[in-house]
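One letter stands for each residue in the lines below.
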Amino acid sequence: MYLNTGDASQGSSGDIAASVGAATLGTGGAITMTSGEAKSTGFDGGDIVFTAGASSDAYGGAVKVTSGFSHAASSGNVEVATAAAGAVGVSGDVLIDTGMSTIGSSGKLAMNTGKATQGNSGGAYMATGETFYGFSGNVELVTGTARFGQAGDINLAVGSSDTGSGGQVSVTAGDTTMAGAEGGAVSISGGNNINTGLNGGAGGAIRLTGGDALGTDTLTDVGGNIIVTAGSATTAEGGHLMFSSGASLKASSGRVEFNTGAAVDAAGNTGDMVYDTGAATSGISGSQIYRTGAVTNGISGGITLETGAATTGQTGSVLIASGLSSTDKSGAVILRAGNPEKGSIIHMGPSVPGLATDILMQVGVDDLNDGGDLLMGAGIATAAGFSGGDVRLTGGTGSSADTSNGGSGGDVFISGGEGKGHGSEDVGGDLVFAAGRTYGGKGGNVVMESGKSTMSGSGDMTVGTVDAGALGSSGSMYLNTGDAIEGDGGAIKIAAGASPRGNGGDVSVTAGASTGSSSGVDTGGDITVQGGSSNKGHGGKMSFTSGESLEANSGDFNIETAMGGFYGISGSMEVSTGKSVTGVSGSVTVSTGEVTQGNVSSFYGHSGGMILNTGDAYNSHVGNMDVYTGVSTNGRAGNMTFSVGSGDVGIGGAVTMVAGNSNDGEGGDFAISAGASLSSTGGAVVMTSGYSTGASSGGVAISTPNAGAVGFSGDVTIDTGASTVGDTGM
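Residues numbered from 1 in each chain as written. Predicted model: local features only at pLDDT ≥ 70, side-chain atom pairs only at ≥ 80, totals over all residues. Heavy atoms only, no water.

1. Focus on the overall build of the protein
- In terms of helices and strands, the protein carries 0 helices and 0 strands.
- Relative to a compact globule of 730 residues, whose C-alpha radius of gyration would be 27 Å, the protein shows 60 Å and is clearly more extended.
- Counting only C-alpha atoms and orienting by the principal axes, one finds that the protein spans roughly 200 × 60 × 55 Å.
- Here the protein, with 730 residues, has 0% of them falling under the buried criterion.
- Intrachain contacts of the protein at a sequence separation of at least 6 include 0% that bridge at least 24 residues.
- As displayed, the protein has an accessible area near 71200 Å², and 50% of this comes from carbon and sulfur atoms.
- Looking at the protein, you have 23 positive and 62 negative side-chain charges, and the mean spots of the two groups are 14 Å apart. (Helix = DSSP H or I, 4+ residues; strand = E, 2+ residues; numbered from the N terminus. Rg over C-alpha atoms; globule rule 2.2 N^0.38 Å. Buried < 20%, exposed > 50% of the residue type's maximum accessible area, 1.4 Å probe, protein only. Contact = heavy atoms within 4.5 Å. Areas by Shrake-Rupley, 256 points an atom, 1.4 Å probe, with all protein chains shown as cover. Lys, Arg positive; Asp, Glu negative; His and termini not counted. Charge placed at Lys NZ, Arg CZ, Asp CG, Glu CD.)

Here's what the structure looks like:
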């Protein structure tokens, strides 16, 4: 059946209108168009084709399908659907295409729901059908390829809201219930630039931007968040969150930057940047690893942790800390350099050259246990022939060479911890210096020396204990070397410095003074110098020697006790050798040094004199002088010899023994007595003058001096003693 209007040469051709009449009380009549059914096998059903009229140089005719209007209720639907498929066929496609264009643009495909004055505007839905055994259909939004122009954009945008929150955009991949399968992925990729020329262009970017907030409330009117969360899991690991910049075949790979926005207002703060791994109940919480990429021949990238600069305010701190544990140890904080053979170091210095900063290393406060230790150790060497690393603490250099006040070097303070408790057991921390141990060679040395000066004196060295508190004693000081099993015990040497032009340095050893008021208790400290003992060999020798001089006098040697107080006496002085069990006790020799002829032929000296006397007394007696040998129990008594040395030139030296004078009482007696004996002859008294080989021998004179003005001169009496059995002496 054909329904046509005639052609028109100059005017418009006629219309064909098919309409159903209006119904006053019932439903409006429908128009139904159905193509013919194919009854035979292998033939298609008839098509229904709507084609608008063509035009030579104007617009072609439109095809419009509009549902019916309603004055009071909803307008009618417009449904375009293919019929259900048979048992083994496929349901028909629904295709909506705009026509091709040679020069102009192809037609637009617009799908819009109508506006709503008071109600909601209609939704727009595009969904593929469900399936029981196969794959559900894809939904693809693809703009066409532009050969010489720019491909069209795809924009997904939600309209503005005047009363509620802005509408959301949700992109969700499909779930799956199949064992071993994965949920659908969401992939967002920037466009590739496949031009391989010299300036081919960049790849497309991916931008995720939260919504702006233009309100003025400083607490609630915040910008929209960007939340990226990997998927959770019931029993296995949760999904990973990975950020990777793009690789490059010939140049650098892209950067990965995380920045918080700037604070435009002067009083505002920039946002924090927080990197946290999730909490764990009984397992291990996730680690954080910041590591730059490895290189083959180049330099690996650095890692910088730095707070922002401040113009007039204070810069922020940098805190690197391990987590707190309530019941166990806290984790370590490790700073480790790379390969030490290639010069890798850990350097802690100022961020701006020329402006020094303090470096504070301190263990935190502990309210329940002992304070944490601060351990610093140099590196261990495991290869043969290499030494362990050094530990050096050096004060800062005052590097200015100004002649008036260039600046001093920095001090190095090492102090034990303060004990603020008031109990007797609350002691201060020890300060221990111990050199390194060894198994084969000598142990390490301990060297403490003051600083050197090019133009002035070297620095002093003070080793001492501090003053005691109100009730305690000041600390003792011990200087000792270690014991030896087979070798010699270590020596202790105290030597003052020499000087080519000035005086040599003094060595002073002074015991502590006592300022107390009790004469029996508050005594000055003792000085005890003792040689080392020995089980089978000789005990250690003790030598005190004054300093020698090449051209002048050698140093004096003074041993004296200090002056006594107002009511006391000066201290005694005792020089004695030790006792002996079966051998001979040691001798005591007091002598002045001998004189030898020097390099100058005209110089002849004499040996030093020796003076042995007791001190003068005022309003009291002068002390006695006793010179005697010891008593012998089963042997003979020791001899006592007074002898003057011989001389090659001049007269022999005299021996003069004079008793003491007195201005008021009698002069002192001079008594010479030989030793008594219980069973043998008593000792003889022999007085003999000196002999001479070529001249006269010396005389012997026994006389009393002249008497005073009213006295008598003294008698001279020579008697032999009485005898009980034998003859008396002649």
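Now, onward.
2. As for the packing of aromatic side chains
- Evaluated as defined, the whole model comprises 3 aromatic pairs.
- A ring pair is formed by Tyr-275 and Tyr-290, whose centres lie 6.2 Å apart and whose planes are at 85°; its orientation type is edge-to-face.
- Its relative accessible area of 52% is what places Tyr-290 among the exposed residues. (Phe/Tyr/Trp six-rings, centres within 6.5 Å; stacked < 30°, edge-to-face > 60°.)

3. A word on the environment of Ser-713
- Given the relative accessible area of 43%, Ser-713 is considered partly exposed.
- In sequence terms Ser-713 and Ser-517 are 196 residues apart; their C-alpha atoms lie 56 Å from each other.
- Once you skip the residues sitting within four places of it in the chain, Ser-713 turns out to touch Thr-704, Pro-705 and Ala-707.

4. Quick notes on the pattern of salt bridges
- With the rule as written, the count across this model stands at 3 salt bridges.
- Between Lys-39 and Glu-37 there is a salt bridge, with its nearest N and O atoms 3.6 Å apart.
- When the shortest N-O distance is used, the salt bridge between Arg-392 and Asp-390 registers 3.2 Å. Exposure class is identical for Arg-392 and Asp-390. Each is exposed. (Salt bridge = Lys/Arg side-chain N within 4 Å of Asp/Glu carboxyl O.)

5. Structural notes on the confidence of the model for the protein
- Scored by pLDDT, the protein has a mean of 80; 95% of the residues are at 70 or more.
- Confidence drops under a pLDDT of 50 for residues 598–603, and excluding neighbours within four residues, the segment shows 2 contacts in the predicted structure. (pLDDT = per-residue confidence, 0-100.)

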